[in-house]
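Structural characterization, general
Here is how the chains run, residue by residue.
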Amino acid sequence: RFIAKPCAINLGIQDSGPHRAQPNAILEKVFTSITKSPDGKRLEGLSKQLDWDVRKIQRWFRHRRNQDKPTTLTKFCESMWRFTFYLSIFFYGIRFLWTAPWFWDTRQCWYNYPFQPLTSRLYYYYILELAFYWSLMFSQFTDIKRKDFLIMFVHHLATIGLITFSYMNNMVRVGTLVLCLHDASDFLLEAAKLANYAKYQRLCDAFFMLFGVVFIVTRLGIYPFWILNTTLFESWELIGPYPSWWLFNGLLVTLQVLHIIWSYLIIRTASKALVRGKVSKDDRSDVESSSEEEDVTSNSTKGIFSTSSNGSNRLNGHVASGQWTGE
């Protein structure tokens, strides 16, 4: 409100929503009670009832759907908040872990377990991360519904479960490694969204490509060969198959499955970008479900930015034909 909004206004982002549909009690009742995207038979019936052209009714429903979407200014402010959090918590984690012995030798995560001290900096790192992911869990039901809603829901559940479970079992050392690794790419995605909303296409493309590289390297390279290696094999070797070993590693493997799905979507987006010469549509996140309902008469050359989560996630997306739509 006091930082992001003035920044958006200075960048020329207007606080104006899409064109509003003209008031019509009959169509409004159909929209709210029956369907937001009527089929051909219902359109014909409404056309006869209102003495309106079918295309005019289609246009009304399209405008009415768009009317409920948040403005670009609202989405810019939300992304700026997430960018600020992800960037801050990432650098906090790096600064904290740089002097931690288990950052350089993962076997240190299991020496003298579970009698390992919980320092104040480690405690606050955990509490901040847990609070943030709980906020994402709740806000997901009030934000724009994205294509990856179910995947993000499972991701938030697994993340909250891992943070809580590892804290209760004093597995905070390996937990900090997992948290820091995941924060390494998230702020780059939000930076790409901010550039998209501000209509800086090249900057957005650059951030997205950088995000894709960091995401794949950390989630498909470092995570399985560094994190999973220590939780699956080193822990078994040093402290044995403790009772919660299966649940803890089951949650970590669930995250890895989600990483593979998202990496596939990112690679597919990047492949399209290489063909078109620019980033097109990010399938990972931030793609609104309502965008699929757009009438075929609308401008099909427009691109959709997204990634979420709000999907990837919003990657809650990028541009086609050189035009951003700010989805």
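Residues numbered from 1 in each chain as written. Predicted model: local features only at pLDDT ≥ 70, side-chain atom pairs only at ≥ 80, totals over all residues. Heavy atoms only, no water.

1. A short note on the overall build of the protein chain
Scanning the protein chain for helices and strands turns up 11 helices and zero strands. Helices and strands in the protein chain line up, N terminus first, as α-α-α-α-α-α-α-α-α-α-α. When the 327 residues of the protein chain are sorted by exposure, 51% land in the buried category. When the accessible surface of the protein chain is totalled, it reaches about 16,100 Å², and 62% of it is carbon and sulfur. (Helix = DSSP H or I, 4+ residues; strand = E, 2+ residues; numbered from the N terminus. Buried < 20%, exposed > 50% of the residue type's maximum accessible area, 1.4 Å probe, protein only. Areas by Shrake-Rupley, 256 points an atom, 1.4 Å probe, with all protein chains shown as cover.)

2. Remarks on the nonpolar core
Ranked by size, the top nonpolar core spans 57 residues in total, and within it Leu 97, Trp 102, Leu 177, Phe 211, Tyr 223, Phe 248 and Leu 252 carry the most contacts. Taken together, the elements giving at least two residues each to this core come down to helix 5 (72–98), helix 6 (101–104), helix 7 (120–139), helix 8 (149–168), helix 9 (172–197), helix 10 (201–239) and helix 11 (245–276). With near-sequence residues (within four places) excluded, Tyr 223 lies in contact with Val 178, Leu 181, His 182, Thr 218, Leu 228, Leu 252, Leu 255, Gln 256 and His 259. Leu 27, Leu 50, Trp 52 and Phe 61 belong to the second largest nonpolar core, which has 10 residues in total. (Core = buried A, V, L, I, M, F, W, Y, C linked by side-chain atoms within 4.5 Å. Contact = heavy atoms within 4.5 Å.)

3. A few points about the confidence of the model for the protein chain
Residues shown with low pLDDT carry predicted positions that ought not to be read at fine detail. The predicted model of the protein chain averages 79 in pLDDT, with 80% of residues at 70 or higher. Here residues 280–327 scores under 50 on pLDDT; set against residues more than four positions off or in separate chains, the count is 208 contacts. (pLDDT = per-residue confidence, 0-100.)

4. Digging into the pattern of salt bridges
By the definition in use, this model includes three salt bridges. One salt bridge in this structure joins Arg 219 and Asp 186, with 3.6 Å as the shortest N-O distance. One end of the pair, Arg 219, is in helix 10; the other, Asp 186, is in helix 9, with 33 residues separating them in the sequence. Take Arg 219: its relative accessible area is 1%, and that puts it in the buried class. For Asp 186, a relative accessible area of 10% gives the class buried. (Salt bridge = Lys/Arg side-chain N within 4 Å of Asp/Glu carboxyl O.)

5. Thoughts on unusual backbone geometry
In the segment running from Tyr 113 into Pro 114, the intervening peptide bond is cis, with an omega of 5°. Within the secondary structure, Pro 114 is located in the loop between helix 6 and helix 7. Phi angles above zero are rare outside glycine, and Asp 51 is one such case at about 60°. Taking relative accessible area as the criterion, Asp 51 reaches 70% and is therefore assigned exposed. A positive phi angle is found at Asn 170, which is not glycine, with a value near 60°.

6. Comments concerning helix 7
Since the α-helix advances by 3.6 residues per turn, residues separated by three or four positions end up pointing in the same direction. Here helix 7 is 20 residues long and its end C-alpha atoms lie 29 Å apart, about the 28 Å a rise of 1.5 Å per residue gives. When we look at burial in helix 7, the residues that qualify are Leu 122, Tyr 125, Tyr 126, Glu 129, Leu 130, Phe 132, Tyr 133, Leu 136, Met 137 and Ser 139. (Expected span 1.5 Å × (residues − 1).)

7. Focus on helix 8
When the terminal C-alpha atoms of helix 8 are compared, their 28 Å separation across 20 residues agrees well with the 28 Å that a helix rising 1.5 Å per residue should span. Taken together, the buried positions of helix 8 are occupied by Met 152, His 155, His 156, Ala 158, Thr 159, Ile 160, Leu 162, Ile 163, Phe 165 and Ser 166. In this structure, the buried residues of helix 8 make contact with helix 7, helix 9 and helix 11. Asn 170 lies just past helix 8 and shows a positive phi near 60°.

8. What to know about the packing of aromatic side chains
Counted under the stated rule, the structure contains 26 aromatic pairs. Arranged with centres 6.3 Å apart and planes meeting at 85°, the rings of Trp 236 and Trp 246 form a pair that is edge-to-face. Remark: Trp 246 occurs in helix 11 and Trp 236 occurs in helix 10; sequence separation between them is 10 residues. Site record: aromatic cluster; members linked through ring pairs are Trp 81, Phe 85, Tyr 86, Phe 132 and Tyr 133. The ring of Trp 52 has Lys 56 sitting right over it, with the charged end atom 4.3 Å from the ring centre. (Phe/Tyr/Trp six-rings, centres within 6.5 Å; stacked < 30°, edge-to-face > 60°. Lys NZ or Arg CZ within 6 Å of the ring centre and 35° of its normal.)

9. Topic: the side chain of Ser 47
Relative to the elements of secondary structure, Ser 47 occurs in helix 3 (residues 40–50). With relative accessibility at 14%, the residue Ser 47 sits in the buried group. Apart from the residues within four sequence positions on either side, Ser 47 is in contact with Trp 52, Asp 53, Val 54 and Ile 57.

10. Digging into the packing of helix 7 against helix 8
One can describe the packing of helix 7 onto helix 8 by two numbers: an axis separation of 10 Å at closest approach and a directional angle of 155°. In terms of orientation, helix 7 and helix 8 fall into the roughly antiparallel class. Viewed along their axes, helix 7 and helix 8 form a crossing whose handedness is left-handed. On the side of helix 7, the interface is formed by Tyr 123, Tyr 126, Glu 129, Leu 130, Tyr 133, Trp 134, Leu 136 and Met 137, while helix 8 contributes Phe 153, His 155, His 156, Leu 157, Thr 159, Ile 160, Ile 163, Thr 164, Ser 166 and Tyr 167. Its residues assigned to classes, the contact of helix 7 with helix 8 shows 12 nonpolar, five polar and one charged. (Axes fitted to C-alpha atoms, helices over the stretch in contact; angles between N-to-C directions. Parallel < 35°, antiparallel > 145°, perpendicular 65-115°, else oblique. Left-handed = near helix turned anticlockwise from the far one by under 90°. Nonpolar A, V, L, I, M, F, W, Y, C, P; charged D, E, K, R; others polar.)

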